[in-house]
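So the chains spell out like this:
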Amino acid sequence: MTTSTATDGNCLTIRPISGAVVSVGAGGVLSVDAWESACRLADESVRDMGRLWPLVESFKANFGAGVTEGTVIELLNGWSSTLVSLTLGCTMATDSLVEAISSRCHRIRNLAFLCSTGEPECKDKLTDESLRRIAEGFPDLNSLELSCAAEITDDGISALSRRVTALNTIRFPHSLNIGDAGISALSRTCPRLIHFDAEWTENLTDSGATQLARNCPRLQHINIASTENLTDLTLEAVGTNCHDLQVLDVCHSYGITDAGLRVLVSGCPKISKLDIGYSVITDVGLEYIGNGLHHLSSLNIVDNTSVTDDGLAHISRGCPLLMTLNMTRVSTVTERGILQIARNCHQMEFLWNDEVLLSDEVMSQVANFCPGLKSISFRSATGITDEGIIQLAKSCPRLEELDLYSNTSITDRSVLPLAENCPELQALCLHKCRNLTDEALSHLGRYCHKLKSLYFKSPNISDDGIKRLAEGCPCIEYLTMASQKLTDEALIHLGRHCHNLSTITIKGNTNMTDAGVLQISQECPLRWGLYVHNPNVDATKLFLVNLPNYLTESNLNNLFSTQEARVLGISFENRGFGYVKFGTVEELRAAQQEAGLKCSDLDGRTVATQYPKWKFESTSECHERRMRELTVVCATHPRCGSIVHCRLPLHTLQMIVYYLRPAIVHKYTLTRFYNP
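Residues numbered from 1 in each chain as written. Predicted model: local features only at pLDDT ≥ 70, side-chain atom pairs only at ≥ 80, totals over all residues. Heavy atoms only, no water.

1. A look at the overall build of the protein chain
A tally of regular secondary structure across the protein chain gives 24 helices and 25 strands. Counting only contacts in the protein chain whose residues sit at least 6 apart along the sequence, the fraction spanning at least 24 positions is 73%. Element-wise, carbon and sulfur atoms account for 48% of the exposed surface of the protein chain, whose accessible area totals about 26600 Å². (Helix = DSSP H or I, 4+ residues; strand = E, 2+ residues; numbered from the N terminus. Contact = heavy atoms within 4.5 Å. Areas by Shrake-Rupley, 256 points an atom, 1.4 Å probe, with all protein chains shown as cover.)

2. Observations regarding unusual backbone geometry
The residue histidine 252 is not glycine, and still its phi comes out positive at about 70 degrees. Note that histidine 252 resides in the loop between strand E12 (247-249) and helix H9 (258-267).

3. A short note on the nonpolar core
Judged by nonpolar contacts, the single largest core of 162 residues is most densely connected at Phe59, Phe63, Phe196, Leu274, Ile289, Leu444 and Met481. Apart from residues lying up to four places away in sequence, methionine 481 is in contact with Phe456, Ile466, Leu486, Leu491, Leu494, Ile504, Thr505, Ile506, Lys507 and Met512. (Core = buried A, V, L, I, M, F, W, Y, C linked by side-chain atoms within 4.5 Å. Buried < 20%, exposed > 50% of the residue type's maximum accessible area, 1.4 Å probe, protein only.)

4. Details of the pattern of salt bridges
Oppositely charged side chains can form a pair if their charged atoms are brought close together. Applying the stated criterion across every chain yields a total of 21 salt bridges. Of the charged contacts in the structure, one is a salt bridge between arginine 379 and aspartate 403, with a shortest N-O distance of 2.6 Å. Of this pair, arginine 379 sits in the loop between strand E17 (375-377) and helix H14 (386-395) while aspartate 403 sits in strand E18 (residues 401-403); the two residues are 24 residues apart in sequence, bridging distant segments of the chain. Through salt bridges with shared partners, a single network forms among Glu44, Arg47, Asp48 and Arg51. (Salt bridge = Lys/Arg side-chain N within 4 Å of Asp/Glu carboxyl O.)

5. Notes on the side chain of threonine 127
Positionally, threonine 127 belongs in the loop between strand E7 (110-114) and helix H4 (128-137). A polar contact of 2.6 Å, which involves the side chain of threonine 127, links it to the side chain of aspartate 95. With residues near it in sequence (within four places) discarded, threonine 127 still touches Asp95, Glu151 and Ile152. (Polar contact = N/O pair within 3.5 Å; in protein donor to acceptor, adjacent residues only side chain to side chain.)

6. Quick notes on the environment of glutamate 99
Here glutamate 99 is to be found in helix H3 (residues 95-102). Along the chain, glutamate 99 and glutamate 136 lie 37 residues apart, while their C-alpha atoms are 9.7 Å from each other. A polar atom in the side chain of glutamate 99 sits 3.3 Å from the side chain of arginine 133.

7. Quick notes on the pairing of strand E22 (residues 503-507)
Counted residue by residue, E22 has four buried out of five residues, so it is predominantly covered. Sheet topology note: the strand E21 (residues 478-482)/E22 ladder contains five bridges and is parallel. Looking at E22, one finds that methionine 481 is bridged to isoleucine 506. With helix H18 (residues 488-497) bridging E21 and its parallel neighbour E22, the resulting β-α-β unit is right-handed. (Pairing = 2+ DSSP bridges. Right-handed = clockwise from strand over helix to strand, strands pointing away.)

8. A look at the packing of aromatic side chains
For any pair of aromatic rings, the description consists of the separation of the ring centres together with the inter-plane angle of the planes. Counted according to the given criterion, the structure contains four aromatic pairs. Ring centres of phenylalanine 59 and phenylalanine 63 lie 6.2 Å apart, and the angle between their planes is 35 degrees; on these two criteria the pair is classed as tilted. Owing to a relative accessible area of 1%, phenylalanine 59 belongs among the buried residues under this scheme. An aromatic cluster of three or more residues is present, and its members are Phe59, Phe63 and Trp79. Here the guanidinium or amino end of arginine 379 rests over the ring plane of tyrosine 405, the centre of that ring lying 4.2 Å away. (Phe/Tyr/Trp six-rings, centres within 6.5 Å; stacked < 30°, edge-to-face > 60°. Lys NZ or Arg CZ within 6 Å of the ring centre and 35° of its normal.)

9. Thoughts on the state of the cysteines
Under the defined criterion, the tally for this structure stands at zero disulfides. There is no disulfide at cysteine 268, and the cysteine sulfur nearest it, in cysteine 242, is 6.4 Å away. Here cysteine 268 falls in the buried class, since its relative accessible area comes to 0%. Here cysteine 429 stays unpaired: no disulfide links it, and the sulfur of cysteine 433, its closest cysteine neighbor, is 7.3 Å away. Exposure remark for cysteine 429: the relative accessible area of 8% places this residue in the buried category. (Disulfide = S-S within 2.5 Å.)

10. Examining helix H11 (residues 309-318)
Counting buried positions along H11 yields eight of ten residues, so the element is predominantly enclosed. Looking at the packing, one finds that the buried side of H11 touches helix H10 (283-292), strand E14 (298-300) and helix H12 (335-344).

11. Thoughts on helix H2 (residues 69-78)
Listed in full, the buried residues belonging to H2 are Thr71, Val72, Ile73, Leu75, Leu76 and Asn77. Elements that come into contact with the buried residues of H2 comprise helix H1 (43-52), strand E5 (56-61), strand E6 (85-89) and H3.

12. Details of the packing of H3 against H4
Where H3 meets H4, the closest approach of the two axes is 9 Å, and the angle between their N-to-C directions is 10 degrees. Taken together, H3 and H4 sit at an angle that is classed as roughly parallel. Between H3 and H4, the contacting residues are Asp95, Val98, Glu99 and Ser102 on the first element and Glu129, Ser130, Arg133, Ile134 and Gly137 on the second. For the contact of H3 with H4, the residue count by class is two nonpolar, three polar and four charged. (Axes fitted to C-alpha atoms, helices over the stretch in contact; angles between N-to-C directions. Parallel < 35°, antiparallel > 145°, perpendicular 65-115°, else oblique. Nonpolar A, V, L, I, M, F, W, Y, C, P; charged D, E, K, R; others polar.)

13. Some points on the confidence of the model for the protein chain
Summing up the model confidence of the protein chain, the mean pLDDT is 78 and the portion of residues at 70 or higher is 73%. In the predicted structure, residues 538-589 sits below a pLDDT of 50 and forms 156 contacts with residues beyond four places in sequence or in another chain. (pLDDT = per-residue confidence, 0-100.)

14. Regarding the pairing of E7
In terms of burial, E7 is a largely internal element, four of the five residues being buried. In this sheet, E7 lies alongside E6 in parallel orientation, the contact comprising five bridges. What sits directly across from leucine 86, in E7, is leucine 111. Taken together, E6, H3 and E7 constitute a β-α-β crossover, and its handedness is right-handed. Relative to strand E8 (residues 143-146), E7 is paired through four bridges, and the arrangement is parallel. Looking across to E8, one finds that alanine 112 is bridged to glutamate 145.

15. Describing the packing of H9 against H10
Two packed helices can be described by the angle between their axes and the distance between those axes. Viewed as axis vectors pointing N to C, H9 and H10 meet at an angle of 5 degrees, and their least axial separation amounts to 9 Å. In this view, H9 runs roughly parallel relative to H10, as classed from their interaxial angle. In this structure, H9 contributes Asp258, Leu261, Arg262 and Val265 to the contact, and H10 contributes Val284, Gly285, Tyr288, Ile289 and Gly292. Of the residues belonging to the contact of H9 with H10, the class tally is five nonpolar, two polar and two charged.

16. Regarding the side chain of histidine 493
One can find histidine 493 in helix H18. Residue classification places histidine 493 among the buried residues on the basis of a relative accessible area of 9%. With residues up to four places along the chain from it excluded, the contact list for histidine 493 reads Asp463, Lys467 and Ala470.

Put into structure tokens, the structure is as follows:
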């Protein structure tokens, strides 16, 4: 593994061929960031890391399937005398790895297991046993972040809190089994907490949140979003105790009202980021915010029908530093409110609303008042024409995201100055902009080389437009396209140039075939899937393409051999009905032996045998029994059959459901994406 070096002040930076960036500090101790590049490494390259860098104090890597757990343990144990900070991806988030490093790497102060952006999430790998090991091995831990810990419970949090008392940061989002008891125990023994993130912790109530606020008055960042049991009592406790608070996210807390917001604002004037989306806050609450939070830079009031232009006027006058305002699905404001915000909040960078019928004149004024705009969304604003977009492009050269969904007046004439003046553009939605032609995509390919996401629907776009787009925009990751003129050639061009593609959705097209689908699936990672609404594409092959990270021989073998997976079988009958049932691993092995079914046979040609002893659970039965061990998807599709998955990663289920949306769903359907 060779390296090149560059100096940066007192710090030496090493860039190995692998893509890792290494900073050399005092005494030759290194900080290694290989998060993006580690997914391509194999065991031998990881061993090279250990030989090349013998003294590492900070290490960050998201290893892929080519690296085994044993190799990572060997690497980390080799750095046990110096390693202080460790961040790993979810592939290494296992109880066995935590046990191994906790017995050797006692100097670790910052520990994180994170899910990578763009990868299916694996939330159920770490258990309470991991927390016990962390408590025993890292008693001086300052920061703990766990994105792969849906299985941890109050017992695990309590075990952690009994020994680890110096925590200032803790994150365990989507931990559905943690509630008031665990959070209260944590708050009592960790009073120096500054950053607390328990998003989607459904069992948390006002009792636990109140204890957290009272026992941890130094808190500056609180994320308890999607915790539906919270009310004004939580806001009052936070406002009374946490006077240094800067960030608060209570999105989806339906019990929060203006009264609680008044106490919060009065006691926490330093708040700069506030998320109160999906609440019943009114103009009165926005007046409290405008009068008290003069440092506010970000506000989310998404999905609210109680705020009006009057409330926005209070925000515009009292919060001049506002940079982000999310008003998605806020239908009670008008152009007047948008203009008030633009006139007084000149630092605005992110402005979203999909309900206001904006005109070219207002769009031009918004662009002139806020030249630093990076992201703007005015979906279905049919009053905006090319003139408004041209003015936006001229005034806002730093634009990175633009959503013009259903703006039917947009043509190629505005796409040219948009592409030419906004080279930083990364995401563009032109859905239902039916007047666009290949020239629009050609402009994007010529100027917008950083483009990562594009959504268009126009009957005038052909393979030639896709070719020019692909040649100029190799960084594209997400692409949705709808045009009857597209053929397999479009997919071939994309596969040839856009090797970062993670998702492609193709609608309104009957010209593409299996050949194009299979070609692009071989050229691109397609981590999130390829969706083609086309009767000429074999649904079985398409389904296999949709789950490239799971429907492979090695991955299926792994699922079948893991008690936690509890997946009984996967089978397909080409253009007919296939069946999948669930049960114990022992039943699976018996079924495989009886049917002669091997993982390598799962190629779309295998017809599985039905076994009457396996039964389905209906939606109502699942909810009545509150099953903790099963997460079930079951539907009947006319071409790829019945599908049932148990305890698979969340996004795998989401992809299955996305694909089965046109399905003929009979008695059984999706129950829950997670364990109730």
